[in-house]
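Chain by chain, the residues:
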Amino acid sequence: SSASPSMLQRSDSIADKMPDALKQSRYHMKRCFASFVSGGKKLMKRENLMNELEKCIEDSRERKKILEGLFGYILTCTQEAAVVPPFVALAARPNPGFWEYVKVNCGDLTVDEITATDYLRLKESVFDESWAKDENALEIDFGAIDFTTPRLNLSSSIGNGADYISKFISSKLGGQSHELEPLLNYLLSLNHHGENLMINDDLNTVAKLQRSLMLAVNVASTYPKHTPYETFAQRLKEMGFEKGWGNTSERVKETMVMLSEVLEAPDNVKLDLLFSRLPTVFNVVIFSVHGYFGQQDVLGLPDTGGQVVYILDQVRALEEELLIRINQQGLAYKPQILVVTRLIPEARGTKCDQELEAIEGTKHSHILRVPFVTEKGILRQWVSRFDIYPYLERFTQDATSRILQRFECKPDLIIGNYTDGNLVASLMATKLGVTQGTIAHALEKTKYEDSDAKWKELDPKYHFSCQFTADLIAMNVTDFIITSTYQEIAGSKERPGQYESHTAFTMPGLCRVISGIDVFDPKFNIAAPGADQSVYFPYTEKQKRLTKFHPSIQELLYNEKDNEEHMGYLAEREKPIIFSMARLDTVKNITGLVEWYGKDKRLREMANLVVVAGFFDMSKSNDREEKAEIKKMHDLIEKYKLKGQFRWVAAQTDRYRNSELYRCIADTKGVFVQPALYEAFGLTVIEAMNCGLPTFATNQGGPAEIIVDGVSGFHIDPNNGDESVARIGDFFSKCRTDGSYWDDISKAGLKRIYECYTWKIYAEKLLKMGSIYGFWRQVNEDQKKAKQRYIEMFYNLQFKQLTKKVTIPEDKPLPMRLAS
Ligand code: UDP
Ligand code: LCN
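Anyway, here's the lowdown on the structure attached to this text. Values in this document were obtained by computation on a predicted structure and should not be read as measured data.

1. Regarding the overall build of the protein
Thinking step 1. Broken down by element type, the protein carries 30 helices and 27 strands.
Thinking step 2. Radius of gyration (C-alpha) of the protein: 29 Å, near the 28 Å computed for a compact globule of 820 residues.
Thinking step 3. Per-residue burial for the protein yields a buried fraction of 61% across its 820 residues.
Thinking step 4. For the protein, contacts bridging at least 24 residues in sequence account for 72% of all contacts bridging at least 6.
Thinking step 5. On the protein, roughly 32,400 Å² of surface is accessible, and the fraction owed to carbon and sulfur atoms is 51%.

2. Some points on the sheet that holds strand S24 (residues 646-649)
Thinking step 1. Read from one edge to the other, the open sheet built from seven strands follows the order S21-S24-S23-S22-S25-S26-S27, with strand pairing classed as mixed. Bordering the open sheet on either side are strand S21 (566-567) and strand S27 (714-716), each of which pairs with just one other strand.

3. Remarks on the site of ligand 2
Thinking step 1. In the region of ligand 2, the neighbouring residues are Gly-306, Gln-307, Tyr-310, His-441, Glu-679, Ala-680, Phe-681, Gly-682 and Leu-683.
Thinking step 2. With respect to ligand 2, the backbone of Gly-682 contributes an N or O atom lying 2.9 Å from an oxygen atom.
Thinking step 3. Taking a 2 Å distance to the grid points as the criterion, the majority of the atoms of ligand 2 fall inside the largest cavity.
Thinking step 4. If one sorts the elements of the shell around ligand 2 by residue count, helix H14 (residues 306-328) sits on top with three residues.
Thinking step 5. Grouping the amino acids of the shell around ligand 2 by side-chain chemistry returns four nonpolar, four polar and one charged.

4. A few points about the side chain of Ser-724
Thinking step 1. The residue Ser-724 is located in helix H27 (residues 721-737) in this model.
Thinking step 2. A relative accessible area of 1% places Ser-724 in the buried class.
Thinking step 3. When neighbours within four sequence positions are excluded, Ser-724 is seen to be in contact with Trp-596, Ile-716, Asp-717 and Pro-718.

5. What to know about the layout of surface pockets
Thinking step 1. Of the pockets and cavities examined, the largest pocket occupies roughly 1,400 Å³.
Thinking step 2. Along the walls of the largest pocket sit 45 residues, with Gln-79, Thr-446, Glu-449, Arg-495 and Pro-496 positioned nearest its centre.
Thinking step 3. Sorting the residues of the lining of the largest pocket by element identifies helix H3 (46-56), strand S2 (78-84), strand S4 (98-105), helix H6 (116-127), helix H19 (486-490) and helix H26 (703-706) as the ones contributing at least two each.
Thinking step 4. A breakdown of the residues in the lining of the largest pocket according to their chemical character gives 16 nonpolar, 14 polar and 15 charged.

6. Quick look at the environment of Glu-250
Thinking step 1. Topologically, Glu-250 is positioned in helix H12 (residues 249-264).
Thinking step 2. Relative accessible area serves as the criterion here: at 34%, Glu-250 is assigned to the partly exposed category.
Thinking step 3. Separated by 23 residues in sequence, Glu-250 and Thr-227 place their C-alpha atoms 7.8 Å apart.

7. Quick look at the packing of aromatic side chains
Thinking step 1. The full count for this structure, using the stated rule, is 44 aromatic pairs.
Thinking step 2. Ring geometry for Phe-275 and Phe-775: centres 5.5 Å apart, planes at 25°, overall stacked. In this pair, Phe-275 is assigned in helix H13 (residues 268-277) and Phe-775 in helix H29 (residues 759-779), connecting sequence segments 500 residues apart.
Thinking step 3. Among the residues examined, Phe-275 registers a relative accessible area of 2% and is labelled buried.
Thinking step 4. Given a relative accessible area of 0%, Phe-775 falls into the buried group.
Thinking step 5. Each ring, one from Tyr-539 and one from Trp-742, has its centre 5.6 Å from the other, and the planes form 85°; the classification is edge-to-face. With Tyr-539 in the loop between strand S20 (524-526) and helix H20 (550-558) and Trp-742 in helix H28 (residues 741-756), this residue pair connects regions lying 203 residues apart in the sequence.
Thinking step 6. By relative accessible area, which is 4% here, Trp-742 ends up buried.
Thinking step 7. Pairwise contacts between aromatic rings join Phe-386, Tyr-448, Tyr-462, Phe-464 and Phe-468 into one cluster.
Thinking step 8. Sitting over the face of the ring of Phe-537, Lys-544 holds its NZ or CZ atom 4.7 Å from the ring centroid.
Thinking step 9. Over the aromatic face of Trp-742 sits the side chain of Lys-669, whose NZ or CZ is 3.9 Å from the ring centroid.

8. A look at the packing of H14 against H29
Thinking step 1. H29 packs onto H14 with a crossing angle of 65° between their chain directions and a minimal axis gap of 9 Å. In terms of axis orientation, H14 runs roughly perpendicular to H29. Taken as a pair, H14 and H29 cross one another with a handedness that is right-handed. Contact residues: H14 offers Tyr-310, Asp-313, Gln-314, Ala-317, Leu-318, Glu-321, Leu-322, Ile-324 and Arg-325, while H29 offers Trp-759, Lys-760, Tyr-762, Ala-763, Glu-764, Leu-766 and Leu-767.

9. Some remarks on the sheet that holds strand S1 (residues 43-45)
Adjacent strands of a sheet form backbone hydrogen bonds with each other and so pair up, either parallel or antiparallel.
Thinking step 1. Across the sheet, five strands lie side by side as S1-S2-S3-S4-S5; this open sheet has antiparallel pairing. Each edge of the open sheet carries a strand with a single partner, namely S1 and strand S5 (111-114). Each neighbouring strand pair of the sheet contributes to a mean axis angle of 25°, computed without reference to strand direction.
Thinking step 2. Bridging between strand S3 (residues 87-95) and S4 involves seven bridges; their strand directions are antiparallel. Counterpart to Asn-95 in the pairing with S4 is Phe-98.
Thinking step 3. H3 contacts S1 and S2 of the sheet and is inclined by roughly 85° relative to S1.
Thinking step 4. Of the strands in this sheet, S2 and S3 are in contact with helix H5 (residues 70-77), which crosses S3 at around 80°.

10. Thoughts on the nonpolar core
Generally speaking, a soluble globular protein has its nonpolar side chains buried in company with each other.
Thinking step 1. Within the largest apolar cluster, 160 residues are counted, with the highest numbers of intra-cluster contacts made by Leu-209, Leu-236, Phe-241, Ile-578, Phe-579, Trp-648 and Phe-731.
Thinking step 2. Counting 52 residues, the second-largest nonpolar core is a separate cluster that includes Tyr-391, Leu-392, Val-424 and Val-434.

11. Observations concerning the site of ligand 1
Thinking step 1. Near ligand 1 lie 20 residues; those nearest to it are Gly-306, Arg-583, Lys-588, Gln-652 and Glu-687.
Thinking step 2. Residue Lys-588 places a side-chain N or O atom 2.7 Å away from an oxygen atom belonging to ligand 1.
Thinking step 3. Here an oxygen atom of ligand 1 and a side-chain polar atom of Asn-658 are 3.1 Å apart.
Thinking step 4. Put simply, ligand 1 lies in the largest cavity.
Thinking step 5. Listing elements by their share of the shell around ligand 1, those giving two or more residues are H14, helix H24 (655-667) and helix H25 (683-690).
Thinking step 6. Here the shell around ligand 1 is built from residues that sort into eight nonpolar, eight polar and four charged.

12. Describing H25
Along an α-helix, residues three or four positions apart point the same way, because every turn accommodates 3.6 residues.
Thinking step 1. The element H25 is largely enclosed, with a buried count of eight among its eight residues.
Thinking step 2. Buried within H25 we find Leu-683, Thr-684, Val-685, Ile-686, Glu-687, Ala-688, Met-689 and Asn-690.
Thinking step 3. Taken from the residues just after H25, Gly-692 is the one with a positive phi, measuring 85°.

13. Focus on the environment of Thr-148
Thinking step 1. Residue placement: Thr-148 occurs in the loop between strand S6 (139-141) and helix H8 (161-173).
Thinking step 2. As for Thr-148 and Gln-778, which are separated by 630 residues in sequence, their C-alpha atoms are 14 Å apart.
Thinking step 3. Ignoring sequence-local partners within four residues, the contact set of Thr-148 consists of Asn-780 and Gln-783.
Thinking step 4. Polar side-chain contacts of Thr-148 include one of 3.0 Å to the side chain of Gln-783.

Parameters at a glance
- Within any chain, residue numbers begin from 1 and follow the written order of that chain's sequence.
- Each chain gets a letter, beginning with A, and each ligand a number, beginning with 1, in the order they are written.
- Owing to the predicted nature of the model, reporting of local features is limited to residues with pLDDT of at least 70; listing and counting of side-chain atom pairs is limited to 80 or more, with chain, interface and lining totals taken over all residues.
- Heavy atoms from the whole structure form the basis of all side-chain values; hydrogens and water molecules are not counted.
- Strands here are runs of E lasting at least two residues and helices are runs of H or I lasting at least four, both read from the DSSP assignment and numbered beginning at the N terminus.
- Radius of gyration here uses only the C-alpha atoms, and the compact-globule reference equals 2.2 Å multiplied by the residue count raised to the power 0.38.
- Classification of residues uses two cut-offs on accessible area relative to the type maximum, computed with a 1.4 Å probe and protein chains only: under 20% is buried, over 50% is exposed, and between them is partly exposed.
- Whether two residues are in contact is decided by their heavy atoms, any of which lying within 4.5 Å being enough.
- Methods summary: accessible areas were calculated by the Shrake-Rupley approach with a probe of 1.4 Å, and residue burial reflects only the protein chains presented.
- Think of it this way: DSSP has to see at least two bridges between two strands before they count as a pair.
- Whether a residue is near a molecule or strand depends on its heavy atoms: if one lies within 4 Å, it is near.
- Each polar contact in these results corresponds to two N or O atoms within 3.5 Å; when the atoms are within protein, one needs to be able to donate a hydrogen and the other to accept it, and residues that are neighboring in sequence are counted only if both atoms are side-chain atoms.
- A cavity here means a set of points on a 1 Å grid, drawn over the protein atoms and nothing else, where a 1.4 Å probe fits but cannot get out; a pocket is an open set with protein on both sides within 12 Å along at least five of seven lines, and a residue lines either one if it has an atom within 4 Å of a point.
- Whether a molecule sits in a cavity or pocket is decided by its atoms, more than half of which must lie within 2 Å of the grid points.
- In this count, Pro and Cys sit with the nonpolar residues alongside Ala, Val, Leu, Ile, Met, Phe, Trp and Tyr, while Asp, Glu, Lys and Arg are called charged and the others, Gly among them, polar.
- Grid points are joined across faces, edges and corners, and a volume is the space filled by probe spheres set on the points.
- Note on aromatic pairs: the rings of Phe, Tyr and Trp (six-membered ring only in Trp) are paired at centre separations within 6.5 Å, and the planes decide the class, stacked below 30 degrees, edge-to-face beyond 60, tilted for the rest.
- Either the NZ atom of lysine or the CZ atom of arginine qualifies as a charge over a ring when it sits within 6 Å of the ring centre and within 35 degrees of the ring normal.
- Helix axes use the C-alpha atoms of the stretch in contact, all axes being lines fitted to C-alpha atoms, and the angles between their N-to-C directions lie in the range 0 to 180 degrees.
- Orientation labels follow simple angle bins: below 35 degrees gives roughly parallel, above 145 gives roughly antiparallel, 65 to 115 gives roughly perpendicular, and whatever is left gives oblique.
- By the definition used in this description, the sense in which the near helix is turned from the far one sets the handedness, with an anticlockwise turn below a right angle giving left-handed and a clockwise turn giving right-handed.
- In plain words, nonpolar cores are sets of buried Ala, Val, Leu, Ile, Met, Phe, Trp, Tyr and Cys residues tied together by side-chain atoms within 4.5 Å.

The following block contains the structure:
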């Protein structure tokens, strides 16, 4: 009998299905498994398994039947297989977040379900036999000490943590006095600089609070609705109420009614409304440690890209939202946001050597820079994010005392960015007992194939042993995690997410992680960033266009003489421009795009290519990867004789001029291409789309979610240059025959942005997280403490030792790169 995947029982596990799958075509299955074993590859990915299968089953009809059957289904779920004769162990992922492991005996095709530990040990034996055999090899299992945190259970709910938590909390609040106590205690704890907010100790029972609320609503009702709070503040105070309820009698009354209703019969809609009004966040610390964090002349430098742009825009949006809320709460406090980064004495013409800098476009926000200190004193030079670990503990201590000095109180919320910032945020938040959020921007683990299993090979260059350990610590300490996309957490049907890849993995010789993070943990929240829309606006908004940049942009694009800023030229100016801009990192694949273009006659005939990336002069770079890319770029220009059709522009640092550059490219009816081998989110994609520029972006990572393929832009496969180039070529030829096609895509891109990718939406979500998780951490305090002790041990015994392997550079002057 032949079972088709549609006949599968959803509840069957892979281990249940597999024996039937193997029976369906036993002869071929035996041959297949024999060839998996004899093929010589010990760690096989799905493509490898598929290739072997293709080779083994020559009859294409037979092969098709197998691929369409149960076994084909199992293979499409399989992420990798460890070959340990006579066994082949499969790691299968039938749905985002769901993993199963099975072991197949190639001799008799018997199948056993195995645990993650068993699977990882088999996998380890491919890399390090003695470690795999060691009964006492270090296993990390965060799941084992986390048994009270509730879990989502649908793949489709992943990333909506705050909603889930508020549903969960409201179900627990019940409506009985004792069940409501956590909420009462939370309200009692609200304060700013020691000043009580909302209620004071006179209302220390639920019954008293309920009674007083009724009376207070009556008091507020006696005033016309716009009456300022101050008018009746004293009367409320006598009843046990402090400030924070609202700025007018109307608002005070509304908030009080909301609380009364929650106390009567809690539900999550009311609870959310109430929480959106509570005065919980005034002082925020945002850590972004590495790179050159500044407002001018820094973008495009190594390790300095989207994270900086993201944070500055985030601060502006957050401050704006805080000002609105604080005003509505009837409070006169100033919100303070501090972005804390490292101070780099060798600042290369940037302001990274200044301790304090006000953030443009804000009233009260600053960048605070704190130097890295070693035994020898202050570290003067920039260090790569891969080498940053030895400085972080001391940095946290120094930063914490500087921050407390400035705020004169504890912050209400600490947000980390990237591995280093997240670790620092975790250390500080734990020490001070403050609500914490983390943001990855990119988790490095998924960027490099088998970076965990092959960590030993990569460690001298990348220090992944430190990085993955730090990431695990931060993910587990933090109260909530903000991601830009769903794929960042749980990937797609085909591909595991960045966080998901930390669920179970192994670094043979170092540690085996049985449960590193659970993507069903309600701490995950998707809040996508936007682009600053006062800067990145559509090319069609003629009256707003920054025409003062037009002469310099003309020069940048078309001047025929090579100089410091550009090389190569465009002989035929009437052609549309294919444009790209990124740091000159390997994963950004700018050289890949140049090569695709170089090879493709049709595209070269239809359009010019302009890329903004890095620098031309290798001696000016002191980043390993960047150097190699610079060389490759020069080689490609020669090899494909690109002069006349291709312009290479050096890193650009002025976002206003850049925005006008995107728009000028749109004027040529050109396109933006983001060809990265992998992109976590991809701010350039939304910048280009905001300017109305049709965009082609990698299908590997975040951009695949930003763009709806064929509607609001296009996906391209960075691993399939021919196909990608053909898609871009097809677009231009369709534009030649269909006069409105370019416009249609441009408009659909903008529509997509306005619906999903703006900073206003982001700021509202972030503040909701700040208050909901602040409450949650109080409710969940015991669990949090237990986990904390485990994490401290991991940090002290493992992480700190690992950081000692990272060399601290001898201070020496660096070559100047930015003469500004
Ligand atoms: N960028 C820039 N000049 C450059 C290269 C990049 O201003 O030479 C800006 C770009 O406009 C975007 C950010 O840097 O705002 C890059 O963010 P993205 O998310 O695309 O990539 P990341 O560098 O963070 O990996
Ligand atoms: C870092 C990256 O690599 C990008 O994909 C993101 O867009 C950027 O940070 C901002 O989050």
